[in-house]
Amino acid sequence: MGFSDTFPFLHPVSRQRKRKKVISDTAVNCEPLLERLTAMAEPRTSPLPDASLAAAGAAAGLQPILDALPDPFLLLRPERVAGGAIHDFICTYANGAACRLHGHQLDRIVGARLLDLHPSQCPSGLFEQGVRAFEAGQTVEVSAPGRPGDAPVAPRTLRLFPAGGWLCCLWSGASEPADLRRRLSELDHSQRHDAVSGLAVRSVALARIRQALDRQAGSGSILAVLSIGVDGLTPVNDALTHAGGDQLIAFLAGRIVREIGEPDRVGRGTGDEFIVLLSDLASAAEAAHTAERILTACRASITIGGQPIDPTVSIGIATTAGGALPDELLRDASLAMRQAKARGRNCFALLDDALATEAHTRLLFAAEIQRGLVMEEFAAWFMPIVCFASGEVTGYEALARWVRPDGIDVTPAEFLPCAERRGLIVRIDQLVLRQALATLSRLPEGLTMAVNVSAATLAQPDHPELVAEALEAARVSPDRLHLEVTETALLSVTDRIRQQMEQLAGRGVRWYVDDFGTGYSSVSHLRDLPIAGLKLDRSFTCAMRAKDTKSLRLSQALVGVAEGLELDTVAEGVETIEEARLLTSQGWLRGQGWLYGKATPLAP
């Protein structure tokens, strides 16, 4: 998903001898009941239903009912082979009375496969009776003795009946609870359907796609999967709370189902995504026509919480004539949906094969980055920062570099965006910080070290502590450390992040705004945050080289802002003496660029 003597009454000798014993690895920590049911309800490879569905099942009061039954009770989930026939039953729950009857703890019972149980004295055919009861939807009573050697006081009649997606085993002596079938059916439904929209959950939608692919094989017809993403759901959640966002999801789900006409062809994906299955198509044009109808249906205005909303969706279409896997089709549709959003939303896009190839390449590249981090292939290299007036080096900027074992030097422009998307940038930032401070500890006291901080690292709640630990480990004075954040990162600054920046500034660390002049941050950030300096983006220096008058005037204005706020200034991308002189005449204090040296390792 097992043991030698737990269920001697459940399986005939003739079936037991054909199989080896298997112990479930999911039968540990199996309480409460609802956690076990949700974990065992779907195939092992399926994702678990989300917590809200489990909570809904618990609220239905299922566990107290089963726990309170005075007689032994087991809940079994059928296991099917590829053709759909029931191959085995797996125990997903046993109440206290069942545990006491067999003399085993719950974790020894839950997860057992019937065909792997100890030979019993029970009349042969119990497995077949269970299959008949489950598939015919009827109650079957069989004779069921207790464990070998027990006194004849154990219940002798075992009632088998289906409820929801389970086979129930209830011993005689207590009548079947009137609402047991209903509650189990409700739980099974909640596991298979999204609580907000009422649509099938992603795992069920994938199973339906798989069945459609099997039916389509060899027919020559086309199957299409549509990934429908709700445009602008986050602003709705922000303005009307998530309850308003859920209402929008429910409204759109109803509109999509009405347009498709068959609820079983529509499912709920993750987040703001719907999944639509279209089969037996003559061409991809039919899928595009359906997408156009859905776009029109979803555009109708609605009112939520007294607020009028004009919803739109973006649709991605993936088609196949056979041979594809369900996960691949859904992935391709999701990629196409993101392509539709990038085109401006409220439209549809068919999968671009190059897009899928690019996504696969990015995945492999991210794995290479992770391997490189483990193998310590990343290192900090250092670019000098020079005082324009004296020409002396006043410090260095630490830059991440990746040299692979094959000698290839991967540029930051290649690996940093991927690292940010895959959540690896924080590890790179921390590595560079530690190496930069270790190098700074060997440099003369008057020199400083600038280290870049990504938006993801800035948002880490323990960022101040990690910086303080690195400073202490290197035994470097905090005022020699300059932390650089981009204008874009400042857009995501919250009150907590501002307090963390102030905490580090209070210790002496100096904050600089990197790539200044290219982002969308407000000048108020320079007033409200503990900013000590600005770094002019290299694009301005390049524009000066091309005699761009507007860039010259803008860089002059930016240095004026810095002077008014008494901020330090650094110009990036300086390559010629003429550029250095021009920047100096404008009032920029320091510079860095190839004129003064490229980023290189510093000798110990």
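Residues numbered from 1 in each chain as written. Predicted model: local features only at pLDDT ≥ 70, side-chain atom pairs only at ≥ 80, totals over all residues. Heavy atoms only, no water.

A. Expanded view of the sheet that holds strand E3 (residues 140–143). If you walk across this open sheet you meet the 5 strands as E2-E1-E5-E4-E3, and the pairing is antiparallel. For this open sheet the edge positions go to strand E2 (86–94) and E3, each flanked by a neighbour on one side alone. Pairwise comparison of adjacent strand axes, ignoring direction, gives a mean angle of 30 degrees for this sheet. Pairing of strand E1 (residues 73–80) with strand E5 (residues 166–171), which is carried by 4 bridges, proceeds in the antiparallel orientation. (Pairing = 2+ DSSP bridges. Helix = DSSP H or I, 4+ residues; strand = E, 2+ residues; numbered from the N terminus. Axes fitted to C-alpha atoms, helices over the stretch in contact; angles between N-to-C directions.)

B. Examining helix H22 (residues 549–564) more closely. Compared with an ideal rise of 1.5 Å per residue, which puts 16 residues at 22 Å, H22 spans 23 Å between its outermost C-alpha atoms and is within 8% of the ideal. As for H22, its buried residues are in contact with strand E18 (510–516), strand E19 (531–536), helix H21 (538–545), strand E20 (568–571) and helix H23 (577–586). With a side-chain oxygen positioned 3.1 Å from the backbone nitrogen of Lys550, the residue opening H22 is Asp548. Phi turns positive one or two residues past the end of H22, at Glu566, with a value near 60 degrees. (Expected span 1.5 Å × (residues − 1). Contact = heavy atoms within 4.5 Å. Polar contact = N/O pair within 3.5 Å; in protein donor to acceptor, adjacent residues only side chain to side chain.)

C. Just the environment of Val451, in detail. Residue position: Val451 is located in strand E16 (residues 448–452). The buried category is assigned to Val451, whose relative accessible area is 2%. Distance in space between the C-alpha atoms of Val451 and Leu437 is 9.2 Å, their sequence separation being 14 residues. Among all residues touching Val451, those that are not within four sequence positions of it are Ala398, Val432, Leu433, Ala436, Leu481, His482, Leu483 and Glu484. (Buried < 20%, exposed > 50% of the residue type's maximum accessible area, 1.4 Å probe, protein only.)

D. Representation of the packing of helix H17 (residues 463–474) against helix H19 (residues 495–506) within the structure. One way to put it is that H17 packs onto H19 with a least axis distance of 9 Å and a crossing angle of 20 degrees. Between H17 and H19, the interaxial angle falls into the category roughly parallel. In this structure, H17 crosses over H19, and the sense of that crossing is right-handed. Judged by residue contacts, His463, Pro464, Glu465 and Val467 of H17 engage Gln500, Gln503 and Leu504 from H19. Each residue belonging to the contact of H17 with H19 can be placed in one class, and the counts come to 3 nonpolar, 3 polar and 1 charged. (Parallel < 35°, antiparallel > 145°, perpendicular 65-115°, else oblique. Left-handed = near helix turned anticlockwise from the far one by under 90°. Nonpolar A, V, L, I, M, F, W, Y, C, P; charged D, E, K, R; others polar.)

E. Just the environment of Trp381, in detail. Among the structural elements, Trp381 can be located in strand E13 (residues 378–387). Trp381 sits 55 residues away from Ala436 along the chain, and the two C-alpha atoms are 8.3 Å apart. Among residues more than four places away in sequence, those in contact with Trp381 are Glu397, Ala398, Leu399, Arg401, Val403, Asp409, Ala599, Thr600 and Pro601.

F. Main features of empty space enclosed by the protein. The computed volume of the largest cavity comes to approximately 80 Å³. Lining the largest cavity are Asp429, Gln430, Leu433, Val451, Asn452, Val453, Thr457, His463, Leu466, Val467 and Leu483. Elements with a minimum of two residues in the lining of the largest cavity: helix H15 (425–440), E16 and H17. Class assignment for the residues of the lining of the largest cavity results in 6 nonpolar, 4 polar and 1 charged. (1 Å grid on protein atoms, 1.4 Å probe; cavity = no way out; pocket = protein on both sides within 12 Å on 5 of 7 lines; lining within 4 Å. Points joined across faces, edges and corners; volume = space filled by probe spheres on them.)

G. View of unusual backbone geometry. In the Ramachandran plot, Arg345 falls in the positive-phi region, its phi being about 70 degrees despite a non-glycine side chain. In this structure, Arg345 sits in the loop between helix H12 (326–342) and strand E12 (348–350). For Glu566, which is not glycine, the phi dihedral falls at a positive 60 degrees. For Glu566, the position within the fold is in the loop between H22 and E20.

H. Looking closely at a nonpolar patch on the surface. A surface patch of nonpolar side chains, amounting to about 220 Å² of accessible area, comprises Val523, Val561 and Leu565. The residue Leu565 is located in the loop between H22 and E20 in this model. (Patch = residues over 30% accessible without salt bridge, like charges linked within 9 Å, V, L, I, M, F, W, Y side chains within 5 Å. Areas by Shrake-Rupley, 256 points an atom, 1.4 Å probe, with all protein chains shown as cover. Salt bridge = Lys/Arg side-chain N within 4 Å of Asp/Glu carboxyl O.)

I. Quick look at the packing of aromatic side chains. By the definition in use, this model includes 7 aromatic pairs. Taking 6.4 Å as the distance between ring centres and 70 degrees as the angle between the ring planes, the aromatic pair formed by Phe89 and Phe134 counts as edge-to-face. On the criterion of sequence distance, the pair formed by Phe89 in strand E2 and Phe134 in helix H7 (residues 126–136) is long-range, its members being 45 residues apart. Taken as a pair, Phe89 and Phe134 share a single burial class, namely buried. Through a chain of ring-to-ring contacts, three or more aromatic side chains come together here, namely Phe365, Phe378, Trp402 and Phe415. The ring of Trp166 has Arg77 sitting right over it, with the charged end atom 4.5 Å from the ring centre. Over the ring of Trp594 we find Lys598; its NZ or CZ atom is 4.2 Å from the centre of that ring. (Phe/Tyr/Trp six-rings, centres within 6.5 Å; stacked < 30°, edge-to-face > 60°. Lys NZ or Arg CZ within 6 Å of the ring centre and 35° of its normal.)

J. Quick peek at the nonpolar core. Within the largest apolar cluster, 64 residues are counted, with the highest numbers of intra-cluster contacts made by Leu437, Met449, Val451, Leu481 and Leu483. In this structure Leu483 touches Val451, Val453, His463, Val467, Leu504, Val509, Arg510, Trp511 and Tyr512, once residues within four positions along its chain are discounted. Counting residues in each nonpolar core, the second largest holds 31 residues, with Ile228, Leu248, Leu278 and Cys298 among its members. (Core = buried A, V, L, I, M, F, W, Y, C linked by side-chain atoms within 4.5 Å.)

K. Spotlight on the pairing of E2. Across the 9 residues that make up E2, a large majority, 8, are buried. Pairing analysis gives 7 bridges linking E1 to E2, with the strands arranged antiparallel. Looking across to E2, one finds that Leu76 is bridged to Cys91. Between E1 and E2, which pair antiparallel in sequence order, lie 5 residues; one of them, Gly84, sits at a positive phi of approximately 105 degrees.

L. Inspection of the pattern of salt bridges at higher detail. Counting across every chain of the model gives 20 salt bridges. Arg331 is paired through a salt bridge with Asp332; the nearest N and O atoms lie 2.7 Å apart. Classification of Arg331 as partly exposed rests on a relative accessible area of 40%. On the basis of relative accessibility, which here comes to 13%, the residue Asp332 falls in the buried class. Arg404 is the salt-bridge partner of Asp406, the closest N and O atoms lying 3.0 Å from each other. Each of Glu397, Glu484, Lys535 and Glu572 takes part in one network of salt bridges that share partners.

M. Representation of the packing of helix H10 (residues 233–260) against helix H11 (residues 284–298). Where H10 contacts H11, the two axes come as close as 9 Å, and the packing angle between them is 140 degrees. In terms of their interaxial angle, H10 and H11 are classed as oblique. The interaxial crossing formed by H10 with H11 has right-handed handedness. Contacts from Leu252, Arg255, Ile256, Glu259 and Ile260 in H10 reach Thr290, Arg293, Ile294, Ala297 and Cys298 in H11. Grouping the constituent residues of the contact of H10 with H11 by class yields 6 nonpolar, 1 polar and 3 charged.

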